Amino acid sequence: MRPATEHRLDFCWLLAAAGGERMATDASEQYEVLVPVQGRCQYRTEDATVTLEPGQVFISAGISPELAYSADCVVWSVLLPGAVLRESCAQTGWFKLSECVRFNSNPCPLDELDHLLSLLRLVATETASGSRQGALFSHYAHVVANKLLSILQRNQPASHECAHTRLFERVERHIESRIKQDITVEQLAQFAGLSQRSLYQLFRQHGRMSPRNFIRHKKLEHVYATLMDPAVRVASVTAVALDYGFTHLGRFAELYKASFGTLPSESLKARLPRK
């Protein structure tokens, strides 16, 4: 299944047609790079489902595995010769081309994604003009390959990423089950079997904030849900805040408004009446 909108750039065909570098026609020597621009796409490994969003990159050798796309998904599909990608990988010393890899668990910054897309559009425009300059397309192929690798913060085999994702999800469930307790970073690190430094790295990659801020945000989400749920009896905002460990009520109100755009007292007033 292909996405709703797909922009395709086939360097293997371009280089062969232009008589540039000699490229193998064997599918195993071709690599497809998918760059989501809009929507989501997913693929399954043996033990998990990996979701890709704009700013992430997926690469596969030969025939791509079956992916599922959201209805609004827009992607760039770039087919690169193995020789080109191998050269770029050798320069960076990153990964073996035999592996299917999901890059950067955190999406790259939007400005970097825009730069990559501008480069792809430039090559697509040159292709549409009917140019058949082998040296030019060879240059473009190497530039695109280097750009793809240079913008990525992480470059791990999918199985490695899935293991980290599962660990983060397990830690998140641990937090949820003890959401009203005072959870420390030290306790979380011990639960996860990680050093505190590794725990911070895990949360930066998957939670996009520090462990302490992640715990606090989860507590705020529970307070918000409690205040907005008419089925839950609430004595006062203060009682709910204290129940979730917020003892400095002024600071609590500031954090709540920063997260949800309204004061906790306004959330309580806005809840639907009980039926």
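Sequence order as written defines the numbering, with residues in each chain counted from 1. A pLDDT threshold of at least 70 governs which residues receive local features in this predicted model, and a stricter bar of 80 or more applies before side-chain atom pairs are shown or counted, although totals over entire chains, interfaces and linings include all residues. Neither water nor hydrogens contribute to the side-chain values; these are computed over all heavy atoms in the structure.

S.K.: Sorry if this is basic, but what is going on with the overall build of the protein chain here?
M.R.: Per the secondary structure count, the protein chain includes 11 helices and 9 strands. Classification of residues uses two cut-offs on accessible area relative to the type maximum, computed with a 1.4 Å probe and protein chains only: under 20% is buried, over 50% is exposed, and between them is partly exposed. For the protein chain, the proportion of its 275 residues judged to be buried stands at 42%. When checking whether two residues touch, look at their non-hydrogen atoms; a contact exists if any pair is within 4.5 Å. Long-range pairs, those at least 24 residues apart, make up 74% of the contacts in the protein chain with a sequence separation of at least 6. In this text, helices come from DSSP runs of H or I with a minimum length of four residues, and strands from runs of E with a minimum of two, each type numbered from the N-terminal end.

S.K.: Which parts of the structure should I look at to understand the packing of aromatic side chains?
M.R.: Pairs of aromatic rings are described using the distance from one ring centre to the other and the angle between the two planes. Working definition: a ring pair exists when centres of Phe, Tyr or Trp rings (six-membered ring for Trp) sit within 6.5 Å. Plane angles under 30 degrees give stacked, over 60 give edge-to-face, the rest tilted. Summed over the entire model, instances satisfying the criterion amount to 9 aromatic pairs. Their ring planes at 40 degrees and their centres at 6.1 Å tell us that Y224 and Y256 sit as a pair that is tilted. You can see Y224 sitting in helix α8 (residues 211-228) and its partner Y256 sitting in helix α10 (residues 249-260), a full 32 residues away along the chain. For Y256, a relative accessible area of 0% corresponds to the buried category. Whether a charge sits over a ring depends on NZ of Lys or CZ of Arg being within 6 Å of the ring centre and within 35 degrees of the ring normal. Directly above the ring of F191 sits R170, whose terminal nitrogen or CZ lies 4.9 Å from the centroid.

S.K.: Help me understand the nonpolar core, please; the structure alone is not making it clear to me.
M.R.: Nonpolar side chains in soluble globular proteins tend to be buried together. Within this scheme, the nonpolar core is defined by two criteria: the residues are buried Ala, Val, Leu, Ile, Met, Phe, Trp, Tyr or Cys, and they are joined through side-chain atoms within 4.5 Å. Core analysis: the largest hydrophobic core is formed by 29 residues, its most contacted members being F11, V35 and L80. At the level of secondary structure, the elements contributing two or more residues to this core comprise α1 (11-18), β2 (30-38), β7 (74-81), α2 (82-92), α3 (110-128) and α4 (134-150). Among the elements that make up this core, the one with the highest residue count is α4 (7 residues). In this structure L80 touches F11, C12, E29, Q30, Y31, V33, L85, A141, A145 and L148, once residues within four positions along its chain are discounted. Counting residues in each nonpolar core, the second largest holds 26 residues, with V185, L199, F214 and L255 among its members.

S.K.: Help me understand the layout of surface pockets in this model?
M.R.: Unoccupied space between atoms shows up once a probe the size of one water molecule is rolled over them. Here the second largest pocket is characterised by a volume of approximately 290 Å³. A cavity, in this analysis, means grid points on a 1 Å lattice covering only the protein atoms where a 1.4 Å probe fits yet has no way out; a pocket is instead an open set bounded by protein on both sides within 12 Å along at least five of seven lines, and a residue lines either one if it has an atom within 4 Å of a point. Residue lining of the second largest pocket: 14 residues in total, with D182, R212, I215, R216 and K219 positioned closest to the centre. Here the lining of the second largest pocket gets 5 residues from one element, more than from any other, and that element is α8. Only Asp, Glu, Lys and Arg are considered charged, only Ala, Val, Leu, Ile, Met, Phe, Trp, Tyr, Cys and Pro nonpolar, and every remaining residue, Gly among them, polar. Taken together, the residues that form the lining of the second largest pocket break down as 6 nonpolar, 4 polar and 4 charged. Grid points are joined across faces, edges and corners, and a volume is the space filled by probe spheres set on the points.

S.K.: So what exactly am I meant to see when it comes to the packing of α8 against α10 here?
M.R.: Two quantities define a packed helix pair, namely the angle between the helix axes and the distance between the axes. Where α8 meets α10, the axes come as close as 10 Å, and the angle between the chain directions of the two elements is 85 degrees. With respect to each other, α8 and α10 are oriented roughly perpendicular. Residue-level contacts link R216, H217, L220, E221, V223, Y224 and L227 of α8 to R251, F252, L255, Y256, S259 and F260 of α10. Tallied by class, residues from the contact of α8 with α10 come to 8 nonpolar, 2 polar and 3 charged. A fitted line through C-alpha atoms serves as each axis, taken over the contacting stretch for helices, and the angle formed by two N-to-C directions is quoted from 0 to 180°. Orientation categories follow fixed angle ranges, with anything under 35 degrees roughly parallel, anything over 145 roughly antiparallel, 65 to 115 roughly perpendicular, and all other angles oblique.

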